[in-house]
Amino acid sequence: MKIVRVETFLVPPRWLFCRIETDDGVVGWGEPVVEGRAEVVRSAVEVLSEYLVGQDPLRIQDHWQVLTKGGFYRGGPVLSSAVAGIDQALWDIAGQALGVPVHTLLGGPVRDTVRVYAWVGGDEPDRIKEEVTAQVEAGFTAVKMNAAGRTSPIGSPAETAAVVERVAAAREVLGPHRDVAVDFHGRFSAANARRVLDELAPLHPLFVEEPVLPEQGHLLPGLVAASPVPLATGERLYGRAEFLPVLTAGVAVAQPDLSHAGGISEVTRIASLAETFGAHLAPHCPLGPIALAASLQVAFATPNFLIQEQSRGIHYNKDADLLSYLVDTEPFRFVDGQAHRTELPGLGIAVDEDAVRAADRSGHAWRNPVWRHADGSFAEW
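Residues numbered from 1 in each chain as written. Predicted model: local features only at pLDDT ≥ 70, side-chain atom pairs only at ≥ 80, totals over all residues. Heavy atoms only, no water.

If you check an unreviewed UniProt entry, the protein appears there as Galactonate dehydratase from Streptomyces mangrovisoli.

Colleague: Could you clarify how one ought to interpret the pattern of salt bridges in this entry?
Modeller: A pair can form between side chains of opposite charge whenever their charged atoms are brought close. By the definition in use, this model includes 22 salt bridges. The salt bridge partner of Arg-115 is Asp-179, with a shortest N-O separation of 3.0 Å. Taken together, the residues Arg-115 in strand S4 (residues 113-120) and Asp-179 in strand S6 (residues 179-183) connect sequence positions 64 residues apart. One salt bridge connects Asp-123 with Arg-187, and the closest N-O pair in it is separated by 3.6 Å. Of the two residues, Asp-123 is situated in the loop between S4 and helix H5 (128-137) and Arg-187 in the loop between S6 and helix H7 (190-200); the sequence distance between them amounts to 64 residues. In this structure, Asp-123 and Arg-187 share a single accessibility class: buried. (Salt bridge = Lys/Arg side-chain N within 4 Å of Asp/Glu carboxyl O. Helix = DSSP H or I, 4+ residues; strand = E, 2+ residues; numbered from the N terminus. Buried < 20%, exposed > 50% of the residue type's maximum accessible area, 1.4 Å probe, protein only.)

Colleague: In this structure, what is going on with unusual backbone geometry? I would like to understand it.
Modeller: Across the chain, the bulk of peptide bonds are trans and the bulk of non-glycine residues have phi less than zero. Here the bond from Pro-12 into Pro-13 is cis, since omega is 10°, no more than 30 degrees from zero. By the element assignment, Pro-13 lies in the loop between strand S1 (3-11) and strand S2 (15-22). Look at His-185: it is not a glycine, yet its phi comes out positive at around 60°. Turning to its location among the elements, His-185 is positioned in the loop between S6 and H7. If you check the backbone angles, Asp-336 has positive phi at about 55° while not being a glycine.

Colleague: Quick question: what am I supposed to make of the packing of helix H6 (residues 157-174) against H7 here?
Modeller: The geometry of a pair of packed helices is captured by two quantities: the angle between their axes and the separation between those axes. At a minimum axis distance of 10 Å, the contact between H6 and H7 shows a crossing angle of 40°. Considering the angle they form, H6 stands oblique to H7. The interaxial crossing formed by H6 with H7 has right-handed handedness. From H6, Thr-160, Val-163, Val-164 and Val-167 reach across to H7, where they touch Arg-195, Val-196, Glu-199 and Leu-200. (Axes fitted to C-alpha atoms, helices over the stretch in contact; angles between N-to-C directions. Parallel < 35°, antiparallel > 145°, perpendicular 65-115°, else oblique. Left-handed = near helix turned anticlockwise from the far one by under 90°. Contact = heavy atoms within 4.5 Å.)

Colleague: Just to check I follow, could you spell out the UniProt feature "domain: Mandelate racemase/muconate lactonizing enzyme C-terminal" (unreviewed entry) in the protein for this structure?
Modeller: Here the UniProt-annotated "domain: Mandelate racemase/muconate lactonizing enzyme C-terminal" (unreviewed entry) positions come out as residues 125-230. Secondary structure across residues 125-230 divides into 43% helix and 11% strand, with the first and last C-alpha atoms of the span separated by 21 Å. (UniProt positions renumbered as here; feature names shortened; annotations may be inferred.)

Next comes the structure, spelled out in structure tokens:
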């Protein structure tokens, strides 16, 4: 079996899909994307495909080594994301060729269901109570929300109180038996994060995500030591080497993204590394159906898995949704906030190729917003 074709598709709302075809007709799908830089990743996939065409698709680990290390300059979000989508597609091909789901190839399932959470509140959170109520009524047992929009370097009492009030509104609806995770999104300074973490502790968040920017990982040991709330990070980290210092710092939850951190191959290794530190895996995934399918395959086979993000109803999905490009949506039918394991081969989904090709004809040029503080200076989004 040889790879004969690698194609990419820019599909709304902000995704990039990759299709790899073999000479015997097996097709694998992946999702290589950096949100807001999809076109750049598309070019990276095209360059990497020069090596892939003509290769045996089942040599997944060897291809991962060559694609990530074969160039003198390595790493970074664009290359890691391009490799991630290719890696997903190769695992999809392997599973289909052998007639088994990817989780079987990863050593077999360790659980029958995967807990998922829903997003509420948007980038600048409001209407929290109403949106949490809707998700509870839909059966979800956990939600995640941004703590705040634009955030001052050191917040005023009013700003701090507003964060606490929003999380309190969610907790009021959720009660004591459901969970709320809070995303600081790298918008908080370390000093501000330390102050707000103390205030949030009585509301018992499942975790607080990205308490500081990824380039400020050296500040995490102090935050972990001071925080009464479990800390999580990792959506902007791209491999084991970058996760090692944050795990050493004591973060409770590792959040690699299957479309950014080298795909299924590398995320399974990150999960094993996290397990040695007593940390749990909660893959980042505000993306499309292929990224989620890959995440779930890893979750079913990972002992230290905690919870899975997914994008049904997320505020970014304006022109298409998680289910828009699937032949059968059943794999993403969540019951009581759980995704149920199937024995469908490969990634366990059937992509609607006609819908993908039609969407690519229009494409997209999604960009994240650029925020500024009231004084005109740049603000972290």
